[in-house]
Amino acid sequence: MSVEAAILKLQSKAGALTGMKAAPDEPPESINVFPFTVSFEDSGSLANWTAQFGNELVVIVTQIHVSRQLLAKAIAVAYAYRDSFIKAVMSDPTLGGSVSTITAINWRFGRLAWGGIDTIGYEFRIGIKVDISP
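Below you will find a few notes about this structure.

A few words now on the nonpolar core. Formed by 22 residues in total, the largest nonpolar core has its most connected members in Ile60, Phe85 and Ile128. Beyond its immediate sequence surroundings of up to four residues, Ile60 is in contact with Val3, Ala6, Ile7, Leu10, Ser39, Phe40, Glu41, Asp42, Phe124, Arg125, Ile126 and Ile128. Within the second largest apolar cluster, five residues are counted, among which are Ala22, Phe36, Val38 and Trp114.

As structure tokens, then:
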């Protein structure tokens, strides 16, 4: 189990969505294909910690970026990813065994930016729990 494996699994799920053009394993400096997705660790904490066991509670961000060239069309394209990504994540609550469980899925829709380019899309904040032992 690892946060890094969970990030790769989320990228794989987002990259498999219909019409997704890029889902790199590592967040790139810039990208010129749309729509694309990036995932990265945001925050975390250690809970239920003892000398033998603990839980990492981590938030991973997955962003789905759509070009804003034609705003009304971009919004329609982006909206189509919401339910399909949520369903893909919900269908695999251990993210292929990389985490103990998903604890939450939160999202926001709106303006995003990557590599100095304004985009529109979703930012999903996926809470995960990873069991660890020292």
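Under the criterion given, the structure shown has five salt bridges. A salt bridge links Arg108 to Glu123, with the shortest nitrogen-to-oxygen separation between them at 3.9 Å. Of this pair, Arg108 sits in strand β3 (residues 101-114) while Glu123 sits in strand β4 (residues 117-132), and the two are 15 residues apart along the sequence. Judged by its relative accessible area of 13%, Glu123 is buried. Across the pair Arg111 and Asp118 runs a salt bridge whose closest N-O atoms are separated by 2.7 Å.

Spatially, the four strands line up as an open sheet ordered β1-β2-β4-β3, and their pairing is antiparallel. Every interior strand has two partners, whereas the edge strands, β1 (36-47) and β3, have only one. Adjacent strand axes in the sheet meet at a mean angle of 20°, parallel and antiparallel pairs treated alike. Two elements, strand β2 (residues 54-67) and β4, share 14 bridges in a ladder whose sense is antiparallel.

Along the chain, Gln11 turns up in helix α1 (residues 3-15). A distance of 3.0 Å separates a polar side-chain atom of Gln11 from the backbone oxygen of Thr37. Contact partners of Gln11, with chain neighbours within four places excluded, come to Ala23, Pro24, Thr37, Val38, Ser39 and Thr62.

Looking now at the packing of aromatic side chains. Both the distance between ring centres and the angle between the ring planes are used here to describe each pair of aromatic rings. Here the structure, examined in full by the defined rule, presents seven aromatic pairs. Plain terms: the ring middles of Phe85 and Phe124 are 4.6 Å apart, the flat faces sit at 45° to each other, and that makes the pair tilted. Within this pair, whereas Phe85 is found in helix α2 (residues 71-90), its partner Phe124 is found in strand β4, the two being separated by 39 residues in sequence. Assigned by exposure class, Phe85 and Phe124 land together as buried. Between the aromatic rings of Trp107 and Phe124, the centroid separation amounts to 6.4 Å while the plane-to-plane angle is 50°, which identifies the pairing as tilted. Here the residue Trp107 occupies a position in strand β3, and Phe124 occupies one in strand β4, the gap between them amounting to 17 residues. The partly exposed category is assigned to Trp107, whose relative accessible area is 38%. By the ring-pair criterion, three or more aromatic residues cluster together here, those being Tyr79, Phe85, Trp107, Phe109, Tyr122 and Phe124.

A separate point is the pairing of β2. For β2, the buried fraction is high: 10 of the 14 residues fall into the buried class. As paired elements, β1 and β2 share 11 bridges and run antiparallel to each other. Along β2, the bridge assignment pairs Ser39 with Thr62.

Turning to α1, a few remarks are in order. Because an α-helix completes one turn every 3.6 residues, residues spaced three or four positions apart along the sequence face the same direction. A rise of 1.5 Å per residue sets the reference length of α1, with its 13 residues, at 18 Å; its end C-alpha atoms lie 18 Å apart and thus fit the reference within 8%. Along α1, the positions that sit buried rather than exposed are Val3, Ala6, Ile7, Leu10, Gln11, Lys13 and Ala14. In an axial view of α1, the angular spread of the buried residues amounts to 160°, which keeps them on one side of the axis. Among the structural elements, β1, β2, α2 and β4 are those in contact with the buried residues of α1.

Definitions and limits used
Residues numbered from 1 in each chain as written. Predicted model: local features only at pLDDT ≥ 70, side-chain atom pairs only at ≥ 80, totals over all residues. Heavy atoms only, no water. Core = buried A, V, L, I, M, F, W, Y, C linked by side-chain atoms within 4.5 Å. Buried < 20%, exposed > 50% of the residue type's maximum accessible area, 1.4 Å probe, protein only. Contact = heavy atoms within 4.5 Å. Salt bridge = Lys/Arg side-chain N within 4 Å of Asp/Glu carboxyl O. Helix = DSSP H or I, 4+ residues; strand = E, 2+ residues; numbered from the N terminus. Pairing = 2+ DSSP bridges. Axes fitted to C-alpha atoms, helices over the stretch in contact; angles between N-to-C directions. Polar contact = N/O pair within 3.5 Å; in protein donor to acceptor, adjacent residues only side chain to side chain. Phe/Tyr/Trp six-rings, centres within 6.5 Å; stacked < 30°, edge-to-face > 60°. Expected span 1.5 Å × (residues − 1). Arc of directions from axis to C-beta.

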